[in-house]
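Remarks on the overall topology
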Amino acid sequence: MATVNEIYAFVDQLAPFSYQMSFDNAGFLVGRGGRQVTRILVSLDITEEVVREASEWKAELIVSHHPVIFHPARSVTDQDPTGRILLALAEDGIAAVCAHTNLDAVAGGVNDALARAVGLTEIEMLQTSGVDENGAPYGIGRVGVLKGKAVVTLADYAAQVKTALQANGVRYVDAGRPVRRVAVGGGACGDLMGDALAQGCDTFITSDVKYNGFLDARALGLNLIDAGHFPTENVICPVLAERLKRAFPGLEVRISAVHGEVFSYL
């Protein structure tokens, strides 16, 4: 077995929490550090349904991407969703470790997983946030080249992205360029369009793009695919689960079966 503190230390080594952005609240957010862990549930978010799943499976720890506490909590009651989640975690003795923008930025994290999932090779960094103790850069977003030499239209590539990410749907704007050099930003990274253009990309994949973002992309000559927040980030859950299994072979690690895309398309 291992303690919550030991698993937190491993996640910190995997994706140092010092890499997180100033607005973020990643880290060990709920629970007792000395508690012994036999089962870990991995999920993108910690929702009421995910906590119930963890409780029924008798997991002592949930490792998630999005922080269960993001904005300061003025109260913890059953009168609002966050309060109910925190109460359920505490009452069932379930700890929460959340790796957010640190996991976005680190090598092998969210954006590398996304780049590989959408078929990119020769992967490079899109935006550098800093350097680690060895002088290696880390940062948000990745750039890569699409596998193969055939000319791919944006409509065809958008369909491939939808399938690869198991998205319910994608939104896109076609700037009239074939897809070859692609930038990705898991989650809401629409503000990195300029970085994508500066690195010679013809296509950018991200999520949560506003209406004017699509107008800007078309005017700038950049193909833009909004593949959804959940699909562009959920690619990290299998990676995270596998690394936890390798690091703690005596523990059971499972990806949430109840957490998924929150909305549907008609």
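Calculation criteria
Residues numbered from 1 in each chain as written. Predicted model: local features only at pLDDT ≥ 70, side-chain atom pairs only at ≥ 80, totals over all residues. Heavy atoms only, no water. Helix = DSSP H or I, 4+ residues; strand = E, 2+ residues; numbered from the N terminus. Buried < 20%, exposed > 50% of the residue type's maximum accessible area, 1.4 Å probe, protein only. Contact = heavy atoms within 4.5 Å. Pairing = 2+ DSSP bridges. Axes fitted to C-alpha atoms, helices over the stretch in contact; angles between N-to-C directions. Parallel < 35°, antiparallel > 145°, perpendicular 65-115°, else oblique. Nonpolar A, V, L, I, M, F, W, Y, C, P; charged D, E, K, R; others polar.

Mapped onto the elements of the fold, His65 is located in the loop between strand E5 (61–64) and helix H3 (81–92). Residue His65 is classed as buried on the basis of its relative accessible area, which comes to 2%. Among residues more than four places away in sequence, those in contact with His65 are Ser43, Leu44, Cys98, Ala99, His100, Leu103, Asp104, Val110 and Glu233.

One open sheet accounts for six strands, arranged E7-E10-E12-E13-E14-E11; its pairing is mixed. Each of the sheet's edge strands pairs with one partner strand only, and the pair in question is strand E7 (120–125) and strand E11 (171–173). Averaged over all adjacent pairs, the angle separating strand axes in this sheet is 20°, with direction ignored. Pairing of E7 with strand E10 (residues 142–146) involves four bridges; the strand directions are antiparallel.

Bringing helix H5 (residues 110–117) into the picture now. For H5, the tally of buried residues reaches six of eight residues, placing the bulk of the element in the interior. When H5 is considered as a whole, its buried residues turn out to be Val110, Asn111, Asp112, Ala113, Leu114 and Ala115. Phi for Gly119, located one or two positions after H5, is positive at around 85°.

The next subject is the packing of helix H2 (residues 48–57) against H3. Interhelical geometry of H2 versus H3 gives an angle of 10° and a closest axis separation of 9 Å. On the basis of the axis angle, H2 is roughly parallel to H3. Contacts between H2 and H3 pair Glu48, Val51 and Ser55 from the former with Pro81, Arg84, Ile85, Ala88, Leu89 and Asp92 from the latter. Within the contact of H2 with H3, the residues separate by chemical class into five nonpolar, one polar and three charged.

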